[in-house]
Amino acid sequence: MINIALPKGRLGEKVYKLFAAAGYEFPGMLDNNRRLVFENEKLNMRCFWVKPFDVPVYVERGTADIGAAGKDILLERSPDVYELADLKAGFCRMAVAAKNDFIDEPEKILRVATEFPNIAQNYYFSLGREIDIITLRGSLELAPVLGLSDVIVDIVETGTTLRENNLSVINFIADLSARLIANKSAYKFKGEEINKIISEISK
Ligand code: PRP
């Protein structure tokens, strides 16, 4: 049996539609219910919704053979898994943003609010810049607006949230999209099946 972990939410729904269009259907997955585990006995496959940040945990530990995770989460968690394919869904960017009138003072410690402390640390470490990380859980745009931080390291998709809060991108960090990841030993033993799934959902 192949176990698949998909991220609960908008990105996961897009990825599930790629699976369904390729014939990997799990009835009820998109219905308005609270179920988390869905089985397709004919295909001998099982699919489950997990919190987006947790997909790499299920895959790394082998509870899921494969999973779909945003590149942001893979950069943040650096799981020991194979990243096998770009699913070409959920395109966005990781960027640094600040108030429109922000003026950086390079000699000062920069206060950085983010949900991605490792990505932010690595980015500023590469620039040799000393920072004070403030880890938050969403609505990051509030932090510079209210003076909690100087900048944010966050996901930008359309740019609307930044614009509506008088913020703008000041640095680009990485391009993001959904990636197909696999457990290393599952890939060793079920590699053929996994490659077949990838080629069919990538058509
Ligand atoms: C993400 C991100 C930004 C927003 C960017 O938040 O953190 O806030 O989307 O999208 P935009 O550029 O199209 O406006 P999300 O909606 O996932 O919620 P969160 O703030 O709770 O993380």
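Residues numbered from 1 in each chain as written. Predicted model: local features only at pLDDT ≥ 70, side-chain atom pairs only at ≥ 80, totals over all residues. Heavy atoms only, no water.

Engineer: Quick question: what am I supposed to make of the nonpolar core here?
Structural biologist: Nonpolar side chains in soluble globular proteins generally cluster together in the buried interior. Ranked by internal contacts, the top residues of the largest apolar core, which has 24 residues, are I4, L6, F19, F26 and I66. Elements with a contribution of two residues or more to this core: β1 (2-7), α1 (10-21), β3 (45-50), β4 (66-70), β11 (178-182) and α7 (184-201). The biggest single contributor to this core is α7, with four residues. When residues no more than four places from it in sequence are discounted, the contact partners of F19 are I4, L6, Y24, I66, L180, I197 and I201. Listed in part, the 16 residues of the second largest apolar core include V96, Y124, I131 and V153. (Core = buried A, V, L, I, M, F, W, Y, C linked by side-chain atoms within 4.5 Å. Buried < 20%, exposed > 50% of the residue type's maximum accessible area, 1.4 Å probe, protein only. Helix = DSSP H or I, 4+ residues; strand = E, 2+ residues; numbered from the N terminus. Contact = heavy atoms within 4.5 Å.)

Engineer: Sorry, what's going on with the sheet that holds strand β5 (residues 82-86) here?
Structural biologist: Backbone hydrogen bonds hold the strands of a sheet together, and the pairing may be parallel or antiparallel. Taken together, six strands build an open sheet; the order of strands is β2-β3-β1-β4-β11-β5 and the sheet is mixed. The sheet is open, and its two borders are formed by β2 (37-40) and β5, each paired with just one other strand. Each strand axis lies, on average, 25° off the axis of its neighbour in the sheet, ignoring direction. Relative to β4, β1 runs parallel, the two being bridged by two bridges. What sits directly across from I4, in β4, is I66. (Pairing = 2+ DSSP bridges. Axes fitted to C-alpha atoms, helices over the stretch in contact; angles between N-to-C directions.)

Engineer: Honestly, the site of the ligand in this entry has me stumped. Any pointers?
Structural biologist: Among the 13 residues in the neighbourhood of the ligand, the closest are listed as E141, E157, T158, G159 and T161. Contacts to the ligand include E115, whose side-chain N or O atom sits 3.3 Å from an oxygen atom. E157 places a main-chain nitrogen or oxygen 2.8 Å from an oxygen atom of the ligand. Among the cavities detected, the one that contains the ligand is the largest pocket. Mapped by element, the contributors of at least two residues to the shell around the ligand are β9 (151-156) and α6 (160-164). Element by element, the count of residues in the shell around the ligand is highest for β9, at three residues. Looking at the shell around the ligand residue by residue, the class counts come to two nonpolar, six polar and five charged. (Near = heavy atom within 4 Å. Polar contact = N/O pair within 3.5 Å; in protein donor to acceptor, adjacent residues only side chain to side chain. 1 Å grid on protein atoms, 1.4 Å probe; cavity = no way out; pocket = protein on both sides within 12 Å on 5 of 7 lines; lining within 4 Å. Sits in = over half its atoms within 2 Å of the grid points. Nonpolar A, V, L, I, M, F, W, Y, C, P; charged D, E, K, R; others polar.)

Engineer: Can you help me understand the domain arrangement of the protein in this one?
Structural biologist: One frequent convention defines the size of an interface as the accessible area lost when the parts assemble. Each assigned domain of the protein is listed here: domain 1 (2-90 + 177-201) and domain 2 (92-175). Once you take the C-alpha centre of each, domain 1 and domain 2 turn out to be 30 Å apart. The interface is formed by eight residues belonging to domain 1 together with eleven residues belonging to domain 2. Around 750 Å² of area is buried between domain 1 and domain 2 when both sides are counted, 49% of it from carbon and sulfur atoms. The largest contributions to the domain 1 side of the interface with domain 2 come from D72, L75 and E76, which together make up 61% of the buried area. Linking domain 1 with domain 2 are one salt bridge, by the criterion used here. (Domains from an automatic or database assignment. Buried area = accessible area lost by both parts, 1.4 Å probe. Salt bridge = Lys/Arg side-chain N within 4 Å of Asp/Glu carboxyl O.)

Engineer: Is there a simple way to think about the layout of surface pockets in this case?
Structural biologist: To locate leftover empty space, one rolls a probe as large as a water molecule over the atoms. Volume-wise, the largest pocket comes out at about 970 Å³. Along the wall of the largest pocket there are 38 residues; nearest its centre are R10, D72, C92, I155 and E157. Contributions of two or more residues to the lining of the largest pocket are made by α1, β4, α3 (71-77), β6 (92-99), β9 and α6. In the lining of the largest pocket, the residues fall into 18 nonpolar, eleven polar and nine charged. Each of domain 1 (2-90 + 177-201) and domain 2 (92-175) contributes no fewer than three residues to the lining of the largest pocket. (Points joined across faces, edges and corners; volume = space filled by probe spheres on them.)

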